[in-house]
Amino acid sequence: ALKSKTEKSVIKVAPEPDLEISSDEDSYEVLQEETVEIDLTVRDKDGEIVEGASVTVINPINQAGFEEYLGKTNADGKLLYKYPIPKDTKDSVYEFTFYANETLDEDKKSEPLKVRVIVGDIPILLIAITPNTDYKMKPTESEKIDITITEKKEGEIVPVEDAQIYIQDGLNGDKSFRPLG
């Protein structure tokens, strides 16, 4: 007689996050030994402010991927993140990642808020990536991406020749940007 083998699979479907976290700016410029101040606001999916939401950060300068608890939002749904930039921090662009959550349930965590902190004296250029999309690739796959570098000169956007491009490769554990190529 043949016996059938029963396998049980559990599929967990994550709900849409109930919270959204935002900041006043997408990027901040700061020098070493200065303090970057990022004003964060948490709202629910209806756009109403949320008091008492827990806020965390992944700080690439001091944490290298570790999520740090910052505190809870005030009655205005705000939390001010202050981080003094260490003296020995190298000139670079760092990406801070913030999350909001009302509970300890990872499924209820907000989508990440990515904020660029430009440390040091770095000229700002505009970058266009074509096609502008998220890429989902397997380890053996590759994709051609065109990168155009421009800058604003005398009120006009002009191409930049011989620009050095920097990347932050999270898959390799980079905590700051490094030259590409």
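This text goes with the structure placed above it.
Before going into details, it helps to say that this report is about the structure given with it. In this text, all values refer to a predicted model and were calculated from it rather than measured experimentally.

Cut-offs and rules
- Residues numbered from 1 in each chain as written.
- Predicted model: local features only at pLDDT ≥ 70, side-chain atom pairs only at ≥ 80, totals over all residues.
- Heavy atoms only, no water.
- Pairing = 2+ DSSP bridges.
- Helix = DSSP H or I, 4+ residues; strand = E, 2+ residues; numbered from the N terminus.
- Axes fitted to C-alpha atoms, helices over the stretch in contact; angles between N-to-C directions.
- Phe/Tyr/Trp six-rings, centres within 6.5 Å; stacked < 30°, edge-to-face > 60°.
- Buried < 20%, exposed > 50% of the residue type's maximum accessible area, 1.4 Å probe, protein only.
- Polar contact = N/O pair within 3.5 Å; in protein donor to acceptor, adjacent residues only side chain to side chain.
- Core = buried A, V, L, I, M, F, W, Y, C linked by side-chain atoms within 4.5 Å.
- Contact = heavy atoms within 4.5 Å.

**As for the sheet that holds strand β5 (residues 67-72)**
Taken together, five strands build an open sheet; the order of strands is β2-β8-β7-β4-β5 and the sheet is mixed. Strands with a single pairing partner mark the edges of an open sheet, and in this sheet they are β2 (27-30) and β5. The mean angle between the axes of side-by-side strands here comes to 25 degrees, regardless of whether they run parallel or antiparallel.

**Some thoughts on the environment of Gly 173**
Within the secondary structure, Gly 173 sits in the loop between β12 (166-167) and β13 (178-179). Remark: the alpha-carbon pair of Gly 173 and Gly 65, spanning 108 residues in sequence, is separated by 8.3 Å.

**Some words on the packing of aromatic side chains**
According to the stated counting rule, one finds four aromatic pairs in the structure shown. Geometrically, the ring pair formed by Tyr 81 and Phe 98 is edge-to-face, given 5.4 Å between the ring centres and 75 degrees between the ring planes. Remark: Phe 98 occurs in strand β7 (residues 92-101) and Tyr 81 occurs in strand β6 (residues 78-84); sequence separation between them is 17 residues. No difference in accessibility class separates Tyr 81 from Phe 98, as the two residues are buried.

**Focus: the pairing of strand β3 (residues 35-44)**
Bridge analysis of strand β1 (residues 19-23) against β3 gives five bridges, and the strand direction is antiparallel. The partner of Leu 19 across the bridge, within β3, is Asp 44. Pairing of β3 with β6 involves seven bridges; the strand directions are antiparallel. Counted as the bridge partner of Thr 41 is Lys 78 from β6.

**With respect to the side chain of Asn 59**
Here Asn 59 lies in the loop between β4 (54-58) and β5. A relative accessible area of 0% means that Asn 59 is categorised as buried. A polar atom in the side chain of Asn 59 sits 3.2 Å from the backbone nitrogen of Asn 62. A distance of 3.1 Å separates a polar atom in the side chain of Asn 59 from a polar atom in the side chain of Tyr 81.

**Focus: the nonpolar core**
Within the largest apolar cluster, 25 residues are counted, with the highest numbers of intra-cluster contacts made by Ile 38, Leu 40, Phe 96 and Phe 98. Counting residues per element, the ones that place at least two in this core are β1, β2, β3, β4, β6, β7 and β8 (113-119). When sequence neighbours within four positions are dropped, the list of residues in contact with Leu 40 reads Ile 21, Ser 22, Ser 23, Val 55, Gly 77, Lys 78, Leu 79, Tyr 81, Phe 98 and Leu 113.

Structural measurements only, silent on function.
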